[in-house]
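Per-entry structural report
In case you want the letters, here they are:
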Amino acid sequence: MLDITLRVRVDVDAWVAAQMDMGVCDAIERNAPAGKPAAVSAPHLPKVAGIDSTVPAPMHTAAPLPPAPAPPPAPGAVIQDRLAGWVSDLTTLHELTERLIRTASLDDALDELLRAGAALVGARRGMVVLEPSGDPARDGAFAAGSGPARTKGLGLSRADLGHIETVPREVTAYGSILEGRRRGGPAPTVPRPVAHPDLLADDALHPLHREVAVRLGYAASYTSPLTTEESGTLGAAVWFYDEPAAPVERQTHLVGLYTRYATEHLARLLELERARATVATVAEELLPSRLPRVPGVRLAARHSAGPRGGGDWYDALPLPEGALGLAVGSVSGSGPSALAAMGRLRASLRAYAVMEGEDPVAVLSDLELLLRLTEPARTATALFAYAEPAVRKIVLAGAGHTPPLVIGDLRTEFVETSLSAPLGMLACWEAPSVELSPRPGETVLLYTDGLLRRTGEPMDRAFARLHSAAVSVPKAARNDPAAIADHVLHTMLPEGLDRADGGEDVVLLAARFD
């Protein structure tokens, strides 16, 4: 047995680890302690010119191990990945439909449909054409044979949409869907989505379609019909790709589910819009078709019915001896019943005004008695003014109504009317009348509280805002009552009267005295 001193022993683990990388001799040299015997040390050849004295690594140095093969997937990994993908798709679909359901108007819903569809199919631009089929017996206001047609674009200007509309419909995918609905016969087939992965490579593409595609820079399209079994085909949505492309099966499945839900939502909004249009038409028919012409005074009126159809109204009727009756009012409630009550109330006030119009208090007292006897569950506000333009004199009385506003060069102020309860709230209504003498060139503005409520501010601030709007009427517009009414409306409601969330009726009646 070879006796090796402790001084030249090396750690076995270090020896093996070093031997794997640098060979036996180098490992001994690195691990040998200082001052060990020369006999054990590795030999070092003398340096001779032209000869490399470095000891090469032994041939038995271990080579690097090949990479270990990837372990086979777990038995349930594929199923878990697939389930995770389904959950992700359902979550995305839920978020998009939640955003869609929050839209309250057709335009907002169509914009959301385009954005969500573009995200699902991976497109950047799109267009939706909404052309619902109509039933004249049902639609009433849409008796032309179809509902309100709309064309909206995503990433496309109005000029771009105009270029697309120059392409003959029968050669486009969305046109085929809409025209196929009209030619469907008694049992039309449900249209299917149409994909054009490479429009410019299609030899059968219409020349004008090719020209428009090159002009607008799109090379592929995906068209999805907006149809359900209950609603039928309402239109079609088209998404455009900048390069040749087509959505994969997973994308087409998701966008198909989304468009089906979107079509149902659009159908509900269409029905709501039809109902609003019908209510607005009935409300306009119940109001004066034209204002009377009475010497010494010029009239202008503005009216906008709320989406649910409120009961705000106005009237102007000529009375004996050159007098003029002016009235505004509001019936509680909304919908068809409020419209019917408003019509009855206005017709009754006209009859009372002809008989005893010079006494506004008597007119409102009779009106209150009629309302309490015929419709005890309903209340109303009203203001009636008996005007004599020849002498510029007004006698008025109000029942829970907002005070008139006098607008002129020297003054702009509210008329101080007596405080009174609305009609139908007291067993016996009565309030003193107020006499007013407008100066030449002044305008008396009657209005309903819907003008104030539409601002969304507290009533005191809304009154202050109305006063400021009247003060800011330009001098050039003060000779025209219509210009005054328009200026006040635009100042009070900058977004206009057609806002979808404007729930209140608005009435303005302006009378300018010469």
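The secondary structure content of the protein chain amounts to 14 helices and 15 strands. Here the protein chain holds 514 residues, and 43% of them are scored as buried. For the protein chain, restricting intrachain contacts to residue pairs at least 6 apart in sequence, the fraction spanning at least 24 positions comes to 68%. Just so you have it, the protein chain exposes about 27,300 Å², and 57% of that area is on carbon and sulfur atoms.

With respect to topology, 5 strands assemble into an open sheet ordered 7-8-9-10-13, the strand pairing being antiparallel. Of all the strands in the sheet, just strand 7 (311–319) and strand 13 (434–436) have a single pairing partner and so form its edges. Neighbour-to-neighbour, the strand axes of the sheet open up by a mean angle of 15°, direction not taken into account. Examined bridge by bridge, strand 7 and strand 8 (residues 323–331) share 9 bridges and lie antiparallel to one another. When the sheet's bridge partners are listed, L319 is paired in strand 8 with A323. Its contacts with the sheet put helix 10 (residues 336–356) on strand 7, strand 8 and strand 9 (380–388), and the angle it makes with strand 7 is roughly 20°.

Here we come to the nonpolar core. Counting residues in each nonpolar core, the largest one holds 52 residues, and the members touching the most others are W313, L326, F384 and I394. Every residue in contact with W313, bar those within four places of it in the chain, is listed here: L287, A327, V328, G329, S330, V331, M342, L345, R346, L349 and V507. In terms of nonpolar packing, the next biggest core, distinct from the first, is built from 31 residues, L110, A118, V121 and Y241 among them.

On to helix 13 (residues 459–471). Quick reminder: α-helices carry 3.6 residues per turn. Residues three or four places apart thus point the same way. Here helix 13 is 13 residues long and its end C-alpha atoms lie 18 Å apart, about the 18 Å a rise of 1.5 Å per residue gives. Along helix 13, the positions that sit buried rather than exposed are A462, L466, A469 and A470. Along the axis of helix 13, the buried residues cluster in a sector spanning 95°; they form a single face. Structural note: helix 13 exposes D460 and R461 on the side pointing more than 90 degrees away from its buried face.

Time to look at the environment of T92. Tracing the backbone shows T92 in helix 3 (residues 77–101). Under the relative-accessibility criterion, T92 is labelled partly exposed at 31%. C-alpha separation for the pair T92 and A116, spaced 24 residues apart in sequence, amounts to 9.9 Å.

Moving on to the sheet that holds strand 5 (residues 232–241). Read across the open sheet, the 5 strands follow the order 2-1-5-4-3; overall the sheet is antiparallel. The sheet is open, and its two edges are formed by strand 2 (150–154) and strand 3 (194–196), each paired on a single side. For this sheet the average axis-to-axis angle between neighbouring strands, irrespective of direction, equals 15°. The pairing of strand 4 (residues 220–228) with strand 5 spans 9 bridges and is antiparallel. By the bridge assignment for strand 5, P225 is matched with A236. Contacts from helix 6 (residues 158–165) reach strand 1 (125–130), strand 2 and strand 5, with the element oriented near 120° to strand 2.

A word on the pairing of strand 8. The buried fraction of strand 8 is high, at 9 of 9 residues. Judged by which residues are buried, strand 8 turns out to be covered on both faces: A323, G325, A327, G329 and V331 on one side and L324, L326, V328 and S330 on the other are all buried. Count of turn residues in the strand 7/strand 8 antiparallel hairpin: 3 residues, of which E321 carries a positive phi of about 65°. In terms of strand pairing, strand 8 meets strand 9 through 8 bridges, oriented antiparallel. Opposite G329, over in strand 9, you have A382 as the bridge partner.

What counts, and at which threshold
- Residues numbered from 1 in each chain as written.
- Predicted model: local features only at pLDDT ≥ 70, side-chain atom pairs only at ≥ 80, totals over all residues.
- Heavy atoms only, no water.
- Helix = DSSP H or I, 4+ residues; strand = E, 2+ residues; numbered from the N terminus.
- Buried < 20%, exposed > 50% of the residue type's maximum accessible area, 1.4 Å probe, protein only.
- Contact = heavy atoms within 4.5 Å.
- Areas by Shrake-Rupley, 256 points an atom, 1.4 Å probe, with all protein chains shown as cover.
- Pairing = 2+ DSSP bridges.
- Axes fitted to C-alpha atoms, helices over the stretch in contact; angles between N-to-C directions.
- Core = buried A, V, L, I, M, F, W, Y, C linked by side-chain atoms within 4.5 Å.
- Expected span 1.5 Å × (residues − 1).
- Arc of directions from axis to C-beta.

Worth remembering: the numbers are spatial, not functional.
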